[in-house]
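Spelled out, the chains give:
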Amino acid sequence: MTLYSNDLVHQKNLQCTGFPAYLLLILMLLLQVWRGSCHPQCLDYKPPFGPQQPLVFCTDYTKFGCCDLQKDEEISRKYDLIMENFDTWGSAKCGKYILNILCQECSPYAAHLYDAEDANTPMRFLPGLCGDYCSDYWRDCRYTLSLLLEDKGNPQQFANLTAAIEEDRRRFCDFLELKDKQYCYPNVLTDAELNANLGLVREDSTGCLEVCLQEVANGLRNPVAMIHADDGSHRFFVAEQLGYVWVYLANGSRIDRPFLNLTKAVLTSRWTGDERGFLCIALHPRFTTVRKAYVYYSVSAKKEERIRISEFTLSDHDDNQLDHSSERMILEVVEPASNHNGGQLLFGHDGYLYIFIGDGGRAGDPFGKFGNSQNKSALLGKVLRIDVDNIDESTPYTIPSDNPFVGEQGARPEIYAYGVRNMWRCSIDRGDPATGAGRGRMFCGDVGQNKYEEIDLIVKGGNYGWRAKEGFSCYDRKLCQNSSLDDVLPIFDYPHKLGKSVTGGYVYRGCEMPNLNGLYIFGDFMSGRLMSLKENEATGEWQYNEICMGRDQTCKFPKLINSYYRYIISFAEDEAGELYFLSTGVPSATARSGVIYKIVDPSRRAPPGKCSIKPLPVKIKGKLIHFYPREEFVVNKKPTTTPLPTTTTPKSTTTKKQTIRRPIIIRKPPMPTRQTKGKIARPQPTGAAERKTTQSAPIKTTSTTTVKPTSVQRGATIPVTTPSTGYRATIMTPVRSRISQTSISSTTSTKRHWRPPTPTHPASATSPPLNPPQFPSPTTFQSLTTTWAPYTSQTANKPPKTPVSSTTLPKVRNEKLWPGAKSQSAGETNQVNKRLKGRGRGNKRGKGGRLPSGSVRLVSADSMPDRGRVEIFIRGEWGTVCDDLFTRKAGTVVCRQLGYTTALTVMKRAALGEASSRVRILLDDVECEGEERSLLECKRSKVGKHNCSHEEDVGVICG
């Protein structure tokens, strides 16, 4: 079992009377593990970068760090201002200390040096120093401390306060020292572990690439496609399966009028897994002048189900709406079954429209002797290429003269490639932004039948093997042995233990994440896995890496999250080339659980200003609906004025405006701080040689015009100073446990299933987010605790006590907890002992002092009264509730029993803690209307009857 601690544990707190020896051993091990869990981060809460121009002053960080040339010059000016207080001898003695301390703002680990990893906690004024270095600084130049602090607030105040500690080396270094010897300066420069692969995409121990996400849109009903107009406006258009298409502006807001509304014509249904519906939209490559859009949707005509490809023209009166009366039908294909509808439209670099159609449905392509896919006289199971520009009134489209089967007897001339089963989501590579390599390649994900999913590169005239082959393997052995098959093999396939319904993706060619350039990122609808392929240009082979969510502090950047909803429907790229995926929690055309996520690399970003864009103005008719993320809490942290240690009581912190610099009067023994005239030579910075790092590639960013989500205040932050540190008390939180991961079992699940809206594989009835959405707990100072002590009661008259936990997760951060994955043992998961009998939170006792049946309580690792795992009291015992069908209405029933008004959110997949195997699962399939007095009054399964595990324990957050 591997454990990760999220917060640095102060050594002073380990020196407790009677602290058990075995706990000390555990904590020492946790501290060792914590060292590998941190990540590079700047003081602006963003990843480091490679400066576009070499730094002149802070040269240790000229290759990779947190400063560009402008910031480097700003630090240089500050240094010169401080050095005006020194004579030649003082400059030589103290200049190197001042330079090195000032330049730590440029360190790629600046956030750690300044205690700024968590944007909800106070930040240091000066970087944390190693003990030996601090002792040397105190010995040589201790009276310069006030000069470094003078621009942080009232100069006279800081001068008097620092005078109190400058004569005491212990107090001086308690203020400046960073107790972690790996991250303190100057060790952070030379530590081999921290500098290995610095600036590259972070990998976990299994080789999984760690990324983060940013939520950009939500409340969508099965979002099946997202496209852009490539017109400089940086708008994007999102299609829902029901038949709506919405326009989103570059600032994230949505226009309230739909771009297109085909809900009356589209054939679909409310049942989960219906593959029919509005499936794709493509804008003409010259949309600004041609002003046409093309759509792919299911219809019912003459008692037949059909696929329809139509053209619409942009409205003359509104650039954000199509003229609904302008529909021109281009192509209709009869569908013999309701599944395998295909559903991709895209324009190639040749200007032609490509149409990807499924094999007609059912299983095994049973139509005809060889199936539809191998029959070139049928359009089903094909990739079509047509010309929609060079047409006349008598023809809806024309055939490009170089289509591979033009003139072949019995073959449809529209066919560009054949032998495909049900291609779901294809894309065209933009090419390397510097060299253009890879430009024009067409990638597709083809959904498999029983065993394998595949990724294909589409070539003209290619036969992709279905139904003879599935992936690299034979499906129909008779056809597979046919020597005339001559099929094009996929570049990659994967078995159904990894996922059962591929969703094709994109090759990243954006600007903001240089590390991702050339990486093909795709996913699986059923398992929720994110995956990647990287081509070895020398051999032509493709290397596979799974993508997982960043753990611990990796995604602790503002607006970033490390969780997403499981059912990955589609991928997309914006006008600048940044990459997104669209997923949902409930794959139904009417469920508003669809979310769009932007993929973010937390290891490296492009230099500031390199990817800036200026979206062209868009004329709006109607209202704008502003975007508010659901799955993150916005933080806005500025450095906090933390009192230095004095004999007086520390006061609450305030942020003060910078004052005009005035001369400082320092009463102390003579030291090298005398005023001097003349120029002083700068010392060379102390540190390791310049590190070798990868260079970033040029790209573009998202719009600089953004709508700021409202901040949610979760608790007041009150910095606390202690005599031992003189800085602030170290925040102690329960340590985190990394849940062990296993592959998805290939055996059939006993849970309810449905099919995705595109492929034909079953899915489960509700979707928890993968790595459930994280909510920061209030910033409070608490003690490190362990799991051996029982829970104590929580009453309205007593403050909540901290539960005991060393392996408990206050917020589970499992970077890839796949459906069906199980922890190695109960002891390795979020185990919480039951409270003392009858001490539930907020429930009145029945007669004889016993709790009435149906009473509930919330169990959480940090004992917060408003959130936790739901446990219910039935027949004399406490037990858990499964998250299947459990909604906010059911959560509200729980919260009202506990004295709250409503449930703010429901947390699934044991996001708020997994119960011990000793605790029974008492309820499953709970469906409430919201007005019931207890969960027992809701529609549910019988008590004790369930088909889930503790990995699906439901939790709620009340408000």
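About the thresholds
Residues numbered from 1 in each chain as written. Predicted model: local features only at pLDDT ≥ 70, side-chain atom pairs only at ≥ 80, totals over all residues. Heavy atoms only, no water. Core = buried A, V, L, I, M, F, W, Y, C linked by side-chain atoms within 4.5 Å. Buried < 20%, exposed > 50% of the residue type's maximum accessible area, 1.4 Å probe, protein only. Helix = DSSP H or I, 4+ residues; strand = E, 2+ residues; numbered from the N terminus. Domains from an automatic or database assignment. Contact = heavy atoms within 4.5 Å. pLDDT = per-residue confidence, 0-100. Pairing = 2+ DSSP bridges. Axes fitted to C-alpha atoms, helices over the stretch in contact; angles between N-to-C directions. Parallel < 35°, antiparallel > 145°, perpendicular 65-115°, else oblique. Left-handed = near helix turned anticlockwise from the far one by under 90°. Nonpolar A, V, L, I, M, F, W, Y, C, P; charged D, E, K, R; others polar. Disulfide = S-S within 2.5 Å. Phe/Tyr/Trp six-rings, centres within 6.5 Å; stacked < 30°, edge-to-face > 60°. Polar contact = N/O pair within 3.5 Å; in protein donor to acceptor, adjacent residues only side chain to side chain. Salt bridge = Lys/Arg side-chain N within 4 Å of Asp/Glu carboxyl O.

K.L.:
So what exactly am I meant to see when it comes to the nonpolar core here?
P.N.:
Across soluble globular proteins, you tend to see nonpolar side chains buried next to one another. Residues Y137, L145, L176 and F581 are the most contacted members of the largest nonpolar core, which totals 78 residues. In terms of residue count, helix α3 (residues 88-102) provides more of this core than any other element does, 6 residues in total. Of the residues that make up this core, three or more belong to each of domain 1 (39-189) and domain 2 (209-634). Beyond its immediate stretch of four places on either side in the chain, L145 contacts L126, Y137, T162, I165, E166, F172, F175 and L176. V224, F443, V502 and Y567 belong to the second largest nonpolar core, which has 44 residues in total.

K.L.:
How do you make sense of helix α13 (residues 888-897) when you look at a structure like this?
P.N.:
In terms of residue burial, α13 counts as a mostly covered element, since 7 of its 10 residues are buried. Burial in α13 covers these residues: A890, G891, T892, V893, V894, C895 and Q897. Residues of α13 that are buried in the fold lie against β34 (855-859), β35 (867-874), β37 (903-907) and β39 (955-958). Two residues or fewer after α13 comes G899, characterised by a positive phi angle close to 95°.

K.L.:
What am I meant to see in the confidence of the model for the protein chain here?
P.N.:
Residues shown with low pLDDT carry predicted positions that ought not to be read at fine detail. Of the residues in the protein chain, 72% reach a pLDDT of 70 or more, and the chain-wide mean stands at 79. In this model residues 772-842 is a low-confidence stretch, pLDDT under 50, and it forms 238 contacts with partners more than four residues away in sequence or in other chains.

K.L.:
How do you make sense of the sheet that holds strand β21 (residues 492-495) when you look at a structure like this?
P.N.:
As a general point, the strands of a sheet are linked pairwise by backbone hydrogen bonds and lie either parallel or antiparallel. Pairing is antiparallel in the open sheet, where 4 strands are placed in the order β16-β17-β18-β21. Looking at the sheet topology across the chains shown, the edges are occupied by β16 (423-428) and β21. For this sheet, the mean inter-axis angle between neighbouring strands, taken without regard to orientation, is 15°. Bridge analysis of strand β18 (residues 452-457) against β21 gives 4 bridges, and the strand direction is antiparallel.

K.L.:
Can you walk me through the packing of helix α5 (residues 131-141) against helix α8 (residues 169-176) in this structure?
P.N.:
In a packed pair of helices, the relevant descriptors are the angle between the two axes and the axis-to-axis distance. Interaxial distance between α5 and α8 falls to 10 Å at its minimum, and their mutual angle equals 125°. As the angle between them shows, α5 and α8 are arranged oblique. Judged by the sense of rotation from one axis to the other, the crossing of α5 with α8 is right-handed. Residues C134, S135, Y137 and W138 of α5 pack against R169, F172, C173 and L176 of α8. Residues belonging to the contact of α5 with α8 are distributed by class as follows: 6 nonpolar, 1 polar and 1 charged.

K.L.:
In this structure, what is going on with the packing of α3 against α5? I would like to understand it.
P.N.:
Look at α3 against α5: their axes get within 10 Å of each other, and the N-to-C directions meet at 140°. Considering the angle they form, α3 stands oblique to α5. By crossing handedness, the relation of α3 to α5 is classed as left-handed. Note on element contacts: α5 touches α3 through Y133, D136, Y137, D140 and C141, opposite K93, C94, K96, Y97, N100 and I101. Residues that form the contact of α3 with α5 fall into these classes: 6 nonpolar, 1 polar and 4 charged.

K.L.:
Whenever I open this one, the state of the cysteines confuses me. Can you help?
P.N.:
Disulfide: a covalent bond formed between the sulfur atoms of two cysteine residues. Counted according to the given criterion, the structure contains 14 disulfides. In this model, C94 is linked to C141 through a disulfide, with the two sulfur atoms separated by 1.9 Å. Handedness of the C94-C141 disulfide follows from its S-S torsion of about -95°: it is left-handed. Highlighted residues: C94 in helix α3 and C141 in helix α5, separated in sequence by 47 residues. The exposure class of C141 is buried, given its relative accessible area of 1%. Disulfide pairing is shown between C212 and C555; the S-S distance is 2.0 Å.

K.L.:
Is there a simple way to think about α5 in this case?
P.N.:
Because an α-helix completes one turn every 3.6 residues, residues spaced three or four positions apart along the sequence face the same direction. Along α5, the residues that are buried comprise G131, Y133, C134, Y137, W138, D140 and C141. Buried residues in α5 make contact with α3, α6 (145-149) and α8.

K.L.:
Is there a simple way to explain unusual backbone geometry in this structure?
P.N.:
The phi angle of most residues is negative, glycine excepted, and most peptide bonds adopt the trans form. Geometrically, the link from Y185 to P186 is a cis peptide bond, its omega value of 10° lying close to zero. Within the secondary structure layout, P186 lies in the loop between α8 and α9 (187-190). Here the phi dihedral of Y45 falls at roughly 65°; this positive angle occurs in a residue that is not glycine. Along the chain, Y45 turns up in the loop between α1 (21-34) and α2 (69-83). Unlike most non-glycine residues, N197 shows phi in positive territory, near 60°.

K.L.:
Looking at this structure, I do not really get the sheet that holds strand β8 (residues 278-283). What am I missing?
P.N.:
Taken together, 4 strands build an open sheet; the order of strands is β8-β9-β10-β11 and the sheet is antiparallel. Each edge of the open sheet carries a strand with a single partner, namely β8 and β11 (322-334). When strand polarity is set aside, the average angle formed by the axes of neighbouring strands in this sheet is 25°. Pairing geometry for strand β9 (residues 292-301) and strand β10 (residues 304-314), over 10 bridges, is antiparallel. Its bridge partner lying in β10, V299 is registered against R306.

K.L.:
Just to check I follow, could you spell out the packing of aromatic side chains for this structure?
P.N.:
Here a ring pair, both rings aromatic, is described through the centre-centre distance and the interplanar angle of the planes. Under the criterion given, the structure shown has 27 aromatic pairs. Judged by centre distance (5.4 Å) and plane angle (35°), the rings of Y97 and Y137 are tilted. With Y97 in helix α3 and Y137 in helix α5, this pair connects stretches of sequence that are 40 residues apart. The exposure classification of Y97 matches that of Y137, with both residues buried. The interplanar angle of 20° and the centroid separation of 4.8 Å between the aromatic rings of F443 and Y520 together place this pair among those described as stacked. In this pair, F443 sits in strand β17 (residues 442-446) while Y520 sits in strand β23 (residues 519-524), placing the two residues 77 residues apart along the sequence.

K.L.:
Got a minute to help me understand the side chain of D191 in this structure?
P.N.:
Note that D191 resides in the loop between α9 and α10 (192-195). Given a relative accessible area of 16%, D191 falls into the buried group. Polar contacts involving the side chain of D191 include one to the main-chain amide nitrogen of L194, which spans 2.9 Å.

K.L.:
Is there a simple way to think about the pairing of β17 in this case?
P.N.:
Taken residue by residue, a regular strand's side chains alternate between the two faces of the sheet. Burial of β17 is extensive: 5 of the 5 residues sit out of reach of the surface. Burial along β17 is two-sided: M442, C444 and D446 and F443 and G445, pointing in opposite directions, are all buried. When β17 meets β18, the two strands line up antiparallel, connected through 4 bridges. When the bridges of β18 are listed, G445 appears paired with I455.

K.L.:
Looking at this structure, I do not really get the pattern of salt bridges. What am I missing?
P.N.:
Opposite charge on two side chains allows them to pair when their charged atoms are near. Summed over all chains, the structure comprises 44 salt bridges. One salt bridge connects E871 with R869, and the closest N-O pair in it is separated by 2.8 Å. The buried category is assigned to R869, whose relative accessible area is 1%. Through salt bridges with shared partners, one network takes in D429, D432, R441, R509 and E535.

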